[in-house]
Amino acid sequence: MGGNGSFAAGTTHSEEGRSYRTVFTIDGSIKVLEPKNPKKGVKLPEESHSPNAIYATFRKDGKDVKAIAKYGADGKKLFEIHTQEHNGLSPHFHYWKNNGQEKEAHKLTSEMMDLLEKVRKFKK
C-alpha cells in the first residue's frame with residue numbers, strides 16, 4: 001500500500017513506510033483504505049505492495065465510494081474507477097498508463113459496475 005513510486009523505492013516493505021492503512025476488507029479481496037494522516041486527501045496509492053490488489057476509498061463524509069483501483073501482478077495500477085462526474089460520465093474509469101492517469105474517461109464495464117455496487121453495498 002505505497003504511493004507515488006514508494007513500492008519501487010522499497011519504502012513500503014514495512015508498515016512505517018506506508019501512507020495508508022486498511023480499515024476494512026470486503027469479501028477477503030477488496031481492501032478499503034484511508035490515509036494514515038487524516039489531513040491528507042482521500043486518494044488511492046499509485047502502486048500496491050500486494051500483487052493483483054483491489055483498493056477502495058470512500059468520500060470523507062462516508063456517503064459514497066470515491067474511488068476503486070485495480071493493480072496488476074507487478075503492483076502497478078491498471079485502472080481507477082471514480083464516482084464523481086467527468087465530462088458527462090458518472091461513474092467512469094480511467095486507465096493508468098506510464099505511471100499516470102489518462103485524461104479520457106470511459107464508461108464502466110459490467111464487471112466494473114458489479115465491483116462498484118459490491119463496495120457501495122458494504123456495511124461496516
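Now for a description of the structure that goes with this document. Given the structure is predicted, the values throughout are model-derived calculations rather than measurements.

**Details of the nonpolar core**
Ile30, Ile68, Ile81, Leu115 and Val119 are the most contacted members of the largest nonpolar core, which has 16 residues in total. Looking at this core, the elements with two or more residues in it are strand S2 (30–35), strand S3 (54–58), strand S4 (65–71), strand S5 (77–82) and helix H2 (110–120). For this core, the element with the highest residue contribution is H2, accounting for 4 residues. In this view, Ile30 contacts Phe24, Thr25, Ile54, Ala56, Leu115, Lys118 and Val119; residues no more than four positions away in its chain are not counted. Tyr20, Leu33, Tyr55 and Ala67 belong to the second-largest nonpolar core, a separate cluster that totals 8 residues.

**Quick word on the environment of Lys77**
Relative to the helices and strands, Lys77 is located in strand S5. Separated by 22 residues in the primary sequence, Lys77 and Asn99 place their C-alpha atoms 8.0 Å from one another. Not counting residues within four places of it along the chain, the set of residues in contact with Lys77 comprises Leu44, Pro45, Glu46, Ala69, Lys70, Tyr71 and Trp96. Reaching out from Lys77, the side chain makes a polar contact with the side chain of Glu80 at a distance of 2.4 Å.

Rules of the game
Residues numbered from 1 in each chain as written. Predicted model: local features only at pLDDT ≥ 70, side-chain atom pairs only at ≥ 80, totals over all residues. Heavy atoms only, no water. Core = buried A, V, L, I, M, F, W, Y, C linked by side-chain atoms within 4.5 Å. Buried < 20%, exposed > 50% of the residue type's maximum accessible area, 1.4 Å probe, protein only. Helix = DSSP H or I, 4+ residues; strand = E, 2+ residues; numbered from the N terminus. Contact = heavy atoms within 4.5 Å. Polar contact = N/O pair within 3.5 Å; in protein donor to acceptor, adjacent residues only side chain to side chain.

Honestly, that's just the spatial picture; any functional story needs more than this.
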